[in-house]
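# Report on the structure
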Amino acid sequence: MATPKPQRSLEEVEDIILRKIFLVSLTDSSDSDSRIVYLEMAAAEILSEGKQLRLSRDLMERVLIDRLSGIFPSVEPPFQYLIGCYRRAHDEGKKIASMKDKNIKSEMESVVGQAKKLTVSYCRIHLGNPEVFPSGNSGLGSNKPDASPLLPLIFSKVGSAVVDGFGGSSSGVQCPPGFLEEFFKDSDFDSLDPILKGLYENLRKSVINVSALGNFQQPLRALLFLVSFPVGAKSLVNHAWWIPKGVYLNGRVMEMTSILGPFFHVSALPDHALFKSHPDVGEQCFSEASNRRPADLLSSFTTIKTVMNNLYDGLAEVLLSLLKNTETRQRVLEYLAEVINKNSSRAHIQVDPLSSASSGMFVNLSAVMLRLCEPFLDANLTKKDKIDPKYVFYGDRLELRELTALHASSEEVAEWINKDRLGQTNSSKQNGRDDNRFLQSQEATSSGSNISGPSKTHSTSSGEKSKYTFICECFFMTARILNLGLLKAFSDFKHLVQDITRSEDTLNTLKDMQEQAPSPQMAQDIKRLEKELEVYSQEKLCYEAQILRDGTLIQRALSFYRLLVVWLVGMVGGFKMPLPSTCPMEFACMPEHFVEDAMELIIFASRIPKALDGVPLDDFMNFIIMFMASPNYIRNPYLRSKMVEVLNCWMPRRSGSSATASLFEGHQLSLEYLVKNLLKLYVDIEFTGSHTQFYDKFNIRHNIAELLEYLWQVPSHRNAWRQIAKEEEKGVYLNFLNFLINDSIYLLDESLNKILELKELEAEMSNTTEWERRPAQERQERTRLFHSQENIIRIDMKLANEDVSMLAFTSEQITAPFLLPEMVERVASMLNYFLLQLVGPQRKSLSLKEPEKYEFRPKQLLKQIVYIYVHLARGDTENIFPAAISKDGRSYNEQLFNAAADVLRRIGENGRVIQEFIELGAKAKVAAAEAMDAEAALGEIPDEFLDPIQYTLMKDPVILPSSRITVDRPVIQRHLLSDSTDPFNRSHLTVDMLIPDTELKARIEEFVRSQESKKREGLSIQSTKATIQPTVSEMLID
């Protein structure tokens, strides 16, 4: 029977385990493991103390110091050795777990635990002071390594979290389980801070100029791992590069030098050549895109969208981790505020890439901030009351007071703040008690994931302390970041598409010219443009991949702006009309870009298929109807006109979605106020205050006209329209009609003149012999002019067609405003002018080879003009329209009516309409004869009876209060429809200010009666003579 193996004592087991962990020996034995170091000096000291040459927990630290301090051949550098010790301690711990003797097991677990702690402690000492222990023979442990040796361990720790193979670990280093957690836990801040600062610098450096296709996920996971420890979070926000300082600090410096900046710079979007990221996303994914298979492009889109969302999620986790920690929250908000404030110039049309951060950084920030906002973007917006509008005035983190406000001037803002502070002084004690209770309740609910507690204390001059919740700060920061980020990227994308269109047009023109007259210079220009277009194409697809294809990003932004508009409407009493007569100062002082960004986002999203699916749009619709015609609330007419653009995108025929039809056809505020407010905005837009207002109004009115045409086809809106025309006959509807007529005349006149110019250019170019003799540059300029004229005609003709069409369909059911004394002659003159152009002597000179190409449809235009004549004649119960037609001395010609009727018969128009039109022409002819007789009867009219503007006999003279000049009421009323000033001295004037000149009116009436009486007497004498004369003759004959 075999002799049983003697059981080792506790001391022997301890010695064996510690020797295995630390790879040291106190006896000089020829050990087969070359890594084991004989500690001769330590052994001698232990013997001299009368102790056994065994390792124990008491000797552990002493032995470790000797091993680290000594110079031994072929040994690992200190850090690698210590990591090895920890790993071996871990392995021994697993073996100990299977020991049967509970006493020994417990003791050895304690020993291994102590060994681990000791190893970690000396790792900290070594990394904090690398010069303390010699580095051995290997260069890997040099005193000042480029990167912290902890970095590969952290990468191996977080490597499993990396997906899709992006940013995988290639070092092969494995971190012992539990080492990093023990390293960063339970230690004093001062010892770990320098180590962590070095790690953060290494991580920052590892992602500088890395693109969306580069290795950024591993450093990002490492960053997230480090900030998960309180000491790591504290060290990060106290790093000198958390918020860089310096006199030359700007937005770009913040991006490139701050610790988080390079992480936010990772992007697929184009950037300035100096800061270009690698690998180049455009070249790698989208070069020669026109030759790529759609499946390849789709794969690239999916890849970019996936990796960017990984970036967004990671950065959001980092910020959330820091924000949950009350010690670091303030520093995070300070960082975000500094990034926003230093990049305020990104809001400009032209952005300096050397002083402003990249679009990539701000789009990433936009996505991250929207993730932070998610807890308060619930469907019912239950936390909107935590957003304090006074943050705009008293919050000193963001520079909000300098931004253009919705209605208030900077002086009004300052005055309001002073008044508000004065009011607060009287109740500061009560406010103080309320704030204390508020702070306590917020602290009670700010633990865990709820970070809506107070994040800011701001002292006003009155001594009051205002608490701003995290929700409040996050809301305003997100609004600013979206303005400088996502919305700016939309604008950049729009300009990029315009650049592509322009370059393509130029390229096609150059190619045409090169075919006609080849030249080396033109060939170079073509090659340069083709390269430029390739770059543009790559950039466009990069925008599409990161932004347009990310439906979740756009829907999150829409949710944010839904909160914003609901919150703004809350300041004016909620979604109800009419609005209060006075705009609340809080609303008036809100930054204008809040509303502009909301509108721009909806317009952009409306053009992306399915982007609006599932998005509740009712709140946006209510907001638009409430404010688009309210200059007392939103001063900027261009911003209010942008709201019409949104509605245009939602028209069912344009949106391609039946869901948007309910916004117009089953929406209470829409049915009551939409048509009225559109008509009001149509009038308001005449005077925008801009130097380009004359041309701007046509584009804006084009959008309004399209919308009005659609609404006319909806019975409920058509009824509302007719009611407005009746109630506002002499108000907004008359103004609308006046500007509609003004625009129609200008646009048609401009188009027809441009057609004549175009035909001249066409004649020049068709004369090949003469054309070829001209210098190449002149031909190029003339060709460009030709294409420019084509575009102008096309646009003006399209707008003119819209305006005439609106006059035609509305006049069928609404005639009274057209026939008012101040309007009827203007309408008649317009119709006569159009008739003259379309069927008069010069009609043949307007013939074009391809009229449809220029939106010029003369037959359709003539038909609509005739219909307007007929509609007004039908509604003319007082028979004043024929006289107004014949009174027009510039364009009226009785023969034009027959000429137009002939054309209508040839194109097969309704016989009844043609007959009514001919009858109207006959009535006008009779009215013209009667007018000539009346004029002859009046004879020489005294100057004082003549209107000084039209030089016609006044019927209802009125005195202008400022200039004291007397004019005819219909004439001045017609003037005031377009210009609310006295035409003689430009002072303000309205219809209700006119003073009736009853004395002069009586004299004029007396003059007319007198002249008519004289005429009758003259006719009577002639009649008598005619009767007597034959009698006399007969007598003479007799």
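We now turn to the structure provided with this report. Please read these numbers as outputs of a predicted model, since none were measured by experiment. (Residues numbered from 1 in each chain as written. Predicted model: local features only at pLDDT ≥ 70, side-chain atom pairs only at ≥ 80, totals over all residues. Heavy atoms only, no water.)

## A word on the overall build of the protein chain
Where we set the bar: In this text, helices come from DSSP runs of H or I with a minimum length of four residues, and strands from runs of E with a minimum of two, each type numbered from the N-terminal end. Note on definitions: a residue-residue contact is assigned when non-hydrogen atoms from the two residues lie within 4.5 Å. To measure how exposed things are, a 1.4 Å probe is used in the Shrake-Rupley method; for residues, cover is taken only from the protein chains shown.
A tally of helices and strands in the protein chain yields 42 helices and seven strands. In the protein chain, 74% of the contacts between residues at least 6 apart in sequence involve partners at least 24 apart. If you sum the accessible surface of the protein chain, you get close to 48,900 Å²; carbon and sulfur atoms cover 51% of it.

## Observations concerning the packing of aromatic side chains
Inclusion rule: Put simply, two rings from Phe, Tyr or Trp (the six-membered ring, in Trp's case) pair if the centres are within 6.5 Å, and we call them stacked under 30 degrees between planes, edge-to-face over 60, tilted for the rest. Here, over-ring charges are defined by two tests on the NZ atom of lysine or the CZ atom of arginine: distance to the ring centre within 6 Å, and angle to the ring normal within 35 degrees.
Applying the stated criterion across every chain yields a total of 40 aromatic pairs. Every member of this aromatic cluster is reached through a ring pair, and the members are Tyr391, Tyr468, Phe475, Phe476, Phe560, Tyr561, Trp567 and Phe594. Its guanidinium or amino end placed over the ring of Phe189, Lys234 lies 4.4 Å from that ring's centre, counting from NZ or CZ. Seen from the ring of Trp712, Arg718 lies directly overhead, with NZ or CZ sitting 6.0 Å from the centre.

## Here we look at the pattern of salt bridges
Quick note on the threshold: We count a salt bridge whenever a side-chain nitrogen from Lys or Arg sits within 4 Å of a carboxyl oxygen from Asp or Glu. Residue burial is assigned from relative accessible area. The probe radius is 1.4 Å, only protein chains are included, and a residue is buried under 20% of its type maximum, exposed over 50%, and partly exposed in between.
Considering all chains together, one arrives at 51 salt bridges under this definition. Its salt-bridge partner being Asp492, residue Lys488 comes within 3.8 Å of it at the nearest N-O pair. Of this pair, Lys488 and Asp492 both sit in helix H21 (residues 486–516), four residues apart, which is roughly one turn of the helix. For the pair Lys488 and Asp492, a shared accessibility class is recorded, and that class is buried. Between Arg528 and Glu532 there is a salt bridge; the shortest N-O distance is 3.8 Å. Residue Arg528 and its partner Glu532 are located together in helix H22 (residues 520–548), separated by four residues, close to a single helical turn. Judged by relative accessible area, which is 45%, Arg528 ranks as partly exposed. Residue class for Glu532 comes out partly exposed when judged on its relative accessible area of 28%.

## Details of a positive patch on the surface
Selection criterion: Patch members must show over 30% relative accessible area and no salt bridge, and they are joined within 9 Å when carrying like charges or within 5 Å when they are nonpolar side chains of Val, Leu, Ile, Met, Phe, Trp or Tyr. Positive charges come from Lys and Arg, negative ones from Asp and Glu, while His and the chain ends are left out of the count. A charge is said to be at NZ when it belongs to Lys, at CZ for Arg, at CG for Asp and at CD for Glu.
Together, Arg843, Lys844, Lys859 and Arg906 make up a region of like positive charge exposed at the surface. Position of Arg906 among the secondary structure elements: in helix H39 (residues 894–906).

## Considering the packing of helix H27 (residues 637–650) against helix H30 (residues 668–684)
What counts is decided by this rule: Think of each axis as a best-fit line through the C-alpha atoms, taken over the contacting stretch in the case of a helix, with angles from 0 to 180 degrees between the N-to-C directions. Working definition: roughly parallel below 35 degrees, roughly antiparallel above 145 degrees, roughly perpendicular at 65 to 115 degrees, and oblique for all remaining angles. What makes a crossing left-handed is the near helix being turned counterclockwise from the far one by less than a right angle; a clockwise turn instead makes it right-handed. Three classes are used, and their members are as follows: Ala, Val, Leu, Ile, Met, Phe, Trp, Tyr, Cys and Pro are nonpolar, Asp, Glu, Lys and Arg are charged, and the others, Gly among them, are polar.
Running from N to C, H27 and H30 point in directions that differ by 135°, and their axes come no closer than 11 Å. Classified by the angle their axes make, H27 and H30 are oblique. In the packing of H27 onto H30, the handedness of the crossing is left-handed. Here Arg640, Ser641, Val644 and Leu647 of H27 come into contact with H30, specifically with Leu674, Leu678, Leu681 and Asp684. Here the residues of the contact of H27 with H30 are counted per class, giving five nonpolar, one polar and two charged.

## As for unusual backbone geometry
With an omega of -5°, the peptide bond between His278 and Pro279 qualifies as cis. Turning to its location among the elements, Pro279 is positioned in the loop between helix H12 (261–265) and helix H13 (281–286). The linkage connecting Met577 with the following residue, Pro578, adopts the cis geometry, with an omega of -5°. Mapping Pro578 onto the fold places it in the loop between helix H23 (551–570) and helix H24 (585–588). Here the phi dihedral of Arg986 falls at roughly 65°; this positive angle occurs in a residue that is not glycine.

## So, the environment of Phe275
Residue placement: Phe275 occurs in the loop between H12 and H13. Overall, the relative accessible area of 13% leaves Phe275 in the buried class. Considered as a pair, Phe275 and Arg252 are 23 residues apart in the sequence and their alpha carbons are 9.7 Å apart.

## Re the sheet that holds strand S5 (residues 957–959)
Cut-off, in case you're wondering: For two strands to be treated as a pair, DSSP must find at least two bridges joining them.
Reading across from one edge, S6-S5-S7 is the order of the three strands in this open sheet, with antiparallel pairing throughout. The sheet is open, and its two borders are formed by strand S6 (966–968) and strand S7 (995–996), each paired with just one other strand. Here S5 pairs with S7 via two bridges, running antiparallel. When the sheet's bridge partners are listed, Ile959 is paired in S7 with Ile995. Where helix H41 (residues 969–978) meets the sheet, it contacts S5, S6 and S7, and its direction lies at approximately 85° from that of S6.

## Focus: the nonpolar core
The cut-off we apply is this: Throughout, nonpolar core names a set of buried Ala, Val, Leu, Ile, Met, Phe, Trp, Tyr and Cys residues whose side chains join them through atoms within 4.5 Å.
Of all hydrophobic cores here, the largest spans 316 residues; its most connected members are Leu150, Phe179, Phe184, Phe476, Phe627 and Trp650. Per-element accounting of this core gives the leading share, 15 residues, to helix H33 (residues 732–766). In contact with Leu150, not counting residues within four places along its chain, are Phe79, Leu127, Phe179, Leu180, Phe183, Phe184, Ile195 and Leu199. By size, the runner-up hydrophobic cluster in this structure holds eight residues, among which are Leu946, Leu953, Ile1004 and Phe1007.

## Focus on the state of the cysteines
Operational definition: For this text, the term disulfide refers to a pair of cysteine sulfurs within 2.5 Å.
With the rule as written, the count across this model stands at zero disulfides. In this model Cys474 remains outside any disulfide bridge; the closest cysteine sulfur is found in Cys373, 3.7 Å from its own.

## A few points about the packing of H21 against H22
Two numbers describe how H21 lies on H22: the axes approach to 9 Å, and their chain directions differ by 155°. Here H21 lies roughly antiparallel to H22, going by the angle between them. With respect to the hand of their crossing, H21 and H22 are arranged in left-handed fashion.

## Quick look at the side chain of Asp876
Just so we agree on the cut-off: Counting of polar contacts relies on pairs of N or O atoms within 3.5 Å, with two restrictions inside protein: one atom must be capable of donating a hydrogen and the other of accepting it, and residues adjacent in sequence are counted only when both atoms are side-chain atoms.
Along the chain, Asp876 falls in the loop between helix H37 (858–875) and helix H38 (881–887). Although Asp876 lies buried, it forms no salt bridge, and the closest oppositely charged side chain, Lys923, sits 6.8 Å away as judged by the N-O distance. At 3.0 Å, the side chain of Asp876 forms a polar contact with the backbone nitrogen of Asn879. Looking at Asp876, its side chain comes within polar contact range of the main-chain nitrogen of Phe881, at 2.8 Å. Apart from residues no more than four positions distant in its own chain, Asp876 is found in contact with Leu819, Phe881 and Pro882.

## Structural notes on helix H2 (residues 40–48)
Which entries qualify depends on this criterion: As used here, the arc belongs to the directions running from the helix axis to the C-beta atoms.
Of all the positions in H2, only Ala42, Ala43 and Ile46 are classed as buried. The buried side chains of H2 occupy one side of the element, clustering within an arc of 100° when seen end-on. Exposed and facing more than 90 degrees away from the buried side of H2 are Glu40, Met41, Leu47 and Ser48. Elements in contact with the buried residues of H2: strand S2 (37–38) and helix H3 (60–69). Immediately downstream of H2, the backbone of Gly50 shows phi near 80°, a positive value.

## Quick word on helix H9 (residues 217–227)
Among the 11 residues of H9, 10 are classified as buried, and the element is accordingly described as predominantly covered. Burial in H9 covers these residues: Gln217, Gln218, Pro219, Leu220, Ala222, Leu223, Leu224, Phe225, Leu226 and Val227. At its buried positions, H9 is contacted by helix H6 (150–158), helix H7 (179–184), helix H8 (189–206), helix H10 (230–237), H12 and helix H14 (294–324).

Shape is all these values report; function is a separate question.
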